[in-house]
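Below, each chain spelled out in residue letters.
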Amino acid sequence: MMRASLVIIIDDVPRDGFSTNARLAQLVERKALNLVVVVRAPRWAVFFIVLPLRHVLVIVITHSPHYPWLMSCVTFLRPSSQASSMASFRVATPSLLFCLFFFSPPSFLATRPFGSDSSKVSLVLYYESLCPYSANFIVNYLVKLFEDDLISIVDLKLVPWGNAKILGNDTFKCQHGPYECLLNTVEACAIHVLPKVDEHFPFIYCVESLVYQHKYAQWESCFEKLGLDSKPISDCYSSGFGKELELQYAAETNDLQPPHEYVPWVVVDGQPLYEEYQDFISYICKAYKGTKVLKACSELFLDAMQKGGGNKHFYPVSYKEEDVILSLSAQMQQMKMAASM
């Protein structure tokens, strides 16, 4: 039978070491738990960890000039009643050295040399403003970049075009009708007028929140809510410049390789996530090669360690109109063939 695990995270270890108290030890033994201790030390140090328990895994994540992000693990054996803390440490040391050289850390902890902060992880969202799945992703998932400070390592780009089609003479048709073309253009103007992501994302989040609530006709209320001057964005839209921005986004979307199949279409460091797009944070953590310790990535690692990997998730998407028609046509053909047999 599998044993349940208790995970403890320690942000640093005091100079006099770390030890479990008797109450915790009794709880772990009585419940037959595996105890996992994760130590996140900002510097390389030698320290004592006294854990008088049988089933203990200690993971040490530390930073040093020679080994940028080093993860080590050690399984502590139960010491005898007469054993001292130093004896416990001597028993553990061979396992520690073994783990230092043979335990491979997850890819998102492997980093470049100390002192060099890598370039940010690129994340591009290709979407359309009235797609319910795009709105849900922006409002309930993408916003987490700003809540957990992940945005500090992410170069986020929003491309509001999606499954729209160019008809000729620089005119286009949007999947969810003319109002979507309007909001796509308004959001393109917001990105142009407010070029910094921490400036234009709140506006787009506000508009998409109204889409999510089926109140998108009230999108202009976002100017007042955010204390923004509406004139620059309105001028961009009414002057026709917003249309030029949309045609640029159309070209960028249509040049995607591999081509986008639906929206939301999320690309991390050039790799599309397909229907796993809501798991984008795990892909960011894997792609990040910098030195910053991120809470969201640590939590993902611990969750994966407890679950043993877990299954992939697939989330709803909005396909291109022609793909839906072709799919329906194929299904109808199959039904006709089955009926004639």
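Only a predicted model underlies this, so the values are computations on that prediction, with no experimental measurement involved. (Residues numbered from 1 in each chain as written. Predicted model: local features only at pLDDT ≥ 70, side-chain atom pairs only at ≥ 80, totals over all residues. Heavy atoms only, no water.)

1. With respect to the overall build of the chain
Within the chain, the regular secondary structure consists of 12 helices and 14 strands. Within the chain, contacts between residues at least 6 apart in sequence are counted, and of these 69% link residues at least 24 apart. Within the structure as shown, the chain displays about 18800 Å² of accessible surface, and the carbon and sulfur contribution to it stands at 57%. (Helix = DSSP H or I, 4+ residues; strand = E, 2+ residues; numbered from the N terminus. Contact = heavy atoms within 4.5 Å. Areas by Shrake-Rupley, 256 points an atom, 1.4 Å probe, with all protein chains shown as cover.)

2. What about the state of the cysteines?
One pass over the structure, following the stated rule, counts four disulfides. Covalent S-S linkage joins Cys189 and Cys236, the inter-sulfur distance amounting to 2.1 Å. The S-S bond linking Cys189 to Cys236 shows a torsion near -75 degrees; that makes this disulfide left-handed. Placement of the pair is Cys189 in helix H5 (residues 178–193) and Cys236 in helix H8 (residues 231–238), with a sequence separation of 47 residues. For the pair formed by Cys189 and Cys236, the shared burial category is buried. Across a sulfur-sulfur distance of 2.1 Å, Cys206 and Cys222 are joined as a disulfide pair. As the torsion about the S-S bond is roughly -90 degrees, the Cys206-Cys222 disulfide counts as left-handed. Within this pair, whereas Cys206 is found in helix H6 (residues 197–212), its partner Cys222 is found in helix H7 (residues 221–226), the two being separated by 16 residues in sequence. (Disulfide = S-S within 2.5 Å. Buried < 20%, exposed > 50% of the residue type's maximum accessible area, 1.4 Å probe, protein only.)

3. Brief notes about the packing of aromatic side chains
Any two aromatic rings considered together are summarised by their centre-to-centre distance and by the angle between their planes. The final tally for this structure, using the stated rule, is 11 aromatic pairs. Taking the centre distance of 6.2 Å and the plane angle of 35 degrees together, the rings of Phe201 and Tyr205 count as tilted. In this pair, Phe201 and Tyr205 are both assigned in helix H6, four residues apart and thus about one turn of the helix distant. The exposure class assigned to Tyr205 is partly exposed, which follows from its relative accessible area of 29%. Taken together, the aromatic side chains of Phe137, Tyr141, Tyr277 and Phe280 make up a single cluster linked through ring pairs. Lying across the ring of Tyr283, Lys286 places its NZ or CZ 5.4 Å from the centre. (Phe/Tyr/Trp six-rings, centres within 6.5 Å; stacked < 30°, edge-to-face > 60°. Lys NZ or Arg CZ within 6 Å of the ring centre and 35° of its normal.)

4. Thoughts on the environment of Gln248
Structurally, Gln248 is set in helix H9 (residues 241–254). Residue classification places Gln248 among the partly exposed residues on the basis of a relative accessible area of 49%. Separated by 89 residues in the primary sequence, Gln248 and Val159 have C-alpha atoms spaced 9.7 Å apart.

5. Looking at the pattern of salt bridges
Per the counting criterion, the structure on display carries four salt bridges. A salt bridge links Lys231 to Asp235, with the shortest nitrogen-to-oxygen separation between them at 2.6 Å. On the criterion of helical spacing, the pair formed by Lys231 and Asp235 is a turn pair, its members being four residues apart in helix H8. Residue classification places Lys231 among the exposed positions, given a relative accessible area of 52%. On the accessibility criterion, Asp235 (34% relative accessible area) is partly exposed. Between Glu299 and Lys295 there is a salt bridge, and its shortest N-O distance comes to 3.9 Å. You can see Glu299 and its partner Lys295 sitting in helix H11 (residues 295–307), four residues apart, about one turn around the helix. Glu299 gets classed as partly exposed once you look at its relative accessible area, which sits at 43%. Residue Lys295 is classed as exposed on the basis of its relative accessible area, which comes to 56%. (Salt bridge = Lys/Arg side-chain N within 4 Å of Asp/Glu carboxyl O.)

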